Amino acid sequence: SNEFIIALLGVAGAGKTVLARVFSKKIKSQIVWEVNAESEETIINSFEDLAYVLARREEELKEVISLKKIDIRYKKHKLLSFIKRKLEEANSWIIIYDNLVDISSLQFFFPALSSSKGKGTLFITTQNSNIRQLISLKNSKIIDIGKIDPKEKKLLFKRVVKDRLSIDESELDSFIEKIPSYPMDIIVAANSLISSELLYDEYISRIYSKKKEYIPE
């Protein structure tokens, strides 16, 4: 895909973060970083951590350390300037803005990323539907993460397991009907079956027994 921005929109628990991480692994970039986008403070903290990771040379590390001593208003600009420079130096990058709450906060941080958009991809996970108004740019895409039908569930399951699990079609159809219809549930189920070598019925028994543990008497 040639999209610079890919926004995953859906309710809590729909699997947006999991899908963003799965996509990121498939793209395989030089820099992959997940930003806690719940507030401006968590975004700044996440970018500050990224700056430390990207500071390869001694003078760069001193530059990043010096940011701790300055006022937050100037810190944001200097921090983004540093991040922008390092992303432009990189061959490729992926930034995941996870759980973006305040859409307006993206507008401040966006220019630092967009300057090197030919090299990178910005994933955004959010429950805020206002993301549709903000992201009307070329090379952007919004994916609504909702429940999927049985055919899509089966296709996603097969894509995840590939040839790592023997599949009986009739057993798989029955299994697919019994698990929740969100993409995250399909991905978790597929990976659990691969790693644990559980049978379909054993997996179903386990997830429903765990649900009963949380049901009050």
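Here's a quick rundown of the structure. (Residues numbered from 1 in each chain as written. Predicted model: local features only at pLDDT ≥ 70, side-chain atom pairs only at ≥ 80, totals over all residues. Heavy atoms only, no water.)

## Here we look at the overall build of the chain
Then, number 1: Across its full length, the chain holds 10 helices and five strands.
Then, number 2: Out of the 217 residues belonging to the chain, those deemed buried represent 41%.
Then, number 3: Taking contacts inside the chain between residues at least 6 apart in sequence as the whole, the part at least 24 apart equals 73%.
Then, number 4: Looking at the chain as shown, the accessible area adds up to about 12800 Å², and 50% of this sits on carbon and sulfur atoms. (Helix = DSSP H or I, 4+ residues; strand = E, 2+ residues; numbered from the N terminus. Buried < 20%, exposed > 50% of the residue type's maximum accessible area, 1.4 Å probe, protein only. Contact = heavy atoms within 4.5 Å. Areas by Shrake-Rupley, 256 points an atom, 1.4 Å probe, with all protein chains shown as cover.)

## Description of the pattern of salt bridges
Pairing is possible between side chains that carry opposite charge, provided their charged atoms lie close to one another.
Then, number 1: The full count for this structure, using the stated rule, is 13 salt bridges.
Then, number 2: Residue Glu 48 is joined to Lys 68 by a salt bridge in which the shortest nitrogen-to-oxygen separation is 3.4 Å. Taken together, the residues Glu 48 in helix 2 (residues 40-54) and Lys 68 in the loop between helix 3 (58-66) and helix 4 (72-89) connect sequence positions 20 residues apart.
Then, number 3: A cluster of three or more residues bridged by salt bridges with shared partners is formed by Arg 57, Glu 59, Glu 60, Lys 86 and Glu 89. (Salt bridge = Lys/Arg side-chain N within 4 Å of Asp/Glu carboxyl O.)

## Remarks on the packing of aromatic side chains
Then, number 1: In the structure shown here, the tally under the stated rule is six aromatic pairs.
Then, number 2: Through a chain of ring-to-ring contacts, the aromatic side chains of Phe 157, Phe 175, Tyr 200 and Tyr 203 assemble into a single cluster. (Phe/Tyr/Trp six-rings, centres within 6.5 Å; stacked < 30°, edge-to-face > 60°.)

## Thoughts on the packing of helix 3 against helix 4
Then, number 1: Interhelical geometry of helix 3 versus helix 4 gives an angle of 150° and a closest axis separation of 11 Å. In terms of orientation, helix 3 and helix 4 fall into the roughly antiparallel class. When helix 3 is examined against helix 4, the residues Glu 60, Glu 63 and Val 64 are found in contact with a partner set consisting of Phe 82, Arg 85 and Lys 86.
Then, number 2: Residues belonging to the contact of helix 3 with helix 4 are distributed by class as follows: two nonpolar, no polar and four charged. (Axes fitted to C-alpha atoms, helices over the stretch in contact; angles between N-to-C directions. Parallel < 35°, antiparallel > 145°, perpendicular 65-115°, else oblique. Nonpolar A, V, L, I, M, F, W, Y, C, P; charged D, E, K, R; others polar.)

## Structural notes on the layout of surface pockets
Then, number 1: Its boundaries defined by the atoms lining it, the largest pocket holds a volume of some 710 Å³.
Then, number 2: Taken together, 20 residues form the lining of the largest pocket, with Leu 19, Phe 23, Leu 156, Arg 159 and Ile 187 sitting closest to its centre.
Then, number 3: Ranked by residues supplied to the lining of the largest pocket, first place goes to helix 7 (residues 150-161) with five residues.
Then, number 4: Its residues placed into classes, the lining of the largest pocket shows 11 nonpolar, two polar and seven charged. (1 Å grid on protein atoms, 1.4 Å probe; cavity = no way out; pocket = protein on both sides within 12 Å on 5 of 7 lines; lining within 4 Å. Points joined across faces, edges and corners; volume = space filled by probe spheres on them.)

## A closer look at helix 8 (residues 169-178)
Then, number 1: Along helix 8, the residues classified as buried are Leu 172, Phe 175 and Ile 176. Projection of helix 8 onto a plane perpendicular to its axis shows the buried side chains occupying an angular sector of 100°, all on one side. Across from the buried face of helix 8, at angles greater than 90 degrees, the exposed residues are Ser 170 and Glu 177. (Arc of directions from axis to C-beta.)

## What about the environment of Ala 37?
Then, number 1: Note that Ala 37 resides in the loop between strand 2 (31-36) and helix 2.
Then, number 2: Residue classification places Ala 37 among the buried residues on the basis of a relative accessible area of 1%.
Then, number 3: Sequence separation between Ala 37 and Leu 100 is 63 residues; the distance between their C-alpha atoms is 4.6 Å.
Then, number 4: Leaving out residues up to four positions away in the same chain, Ala 37 has contacts with Thr 42, Ile 43, Tyr 97, Asp 98, Asn 99, Leu 100 and Val 101.

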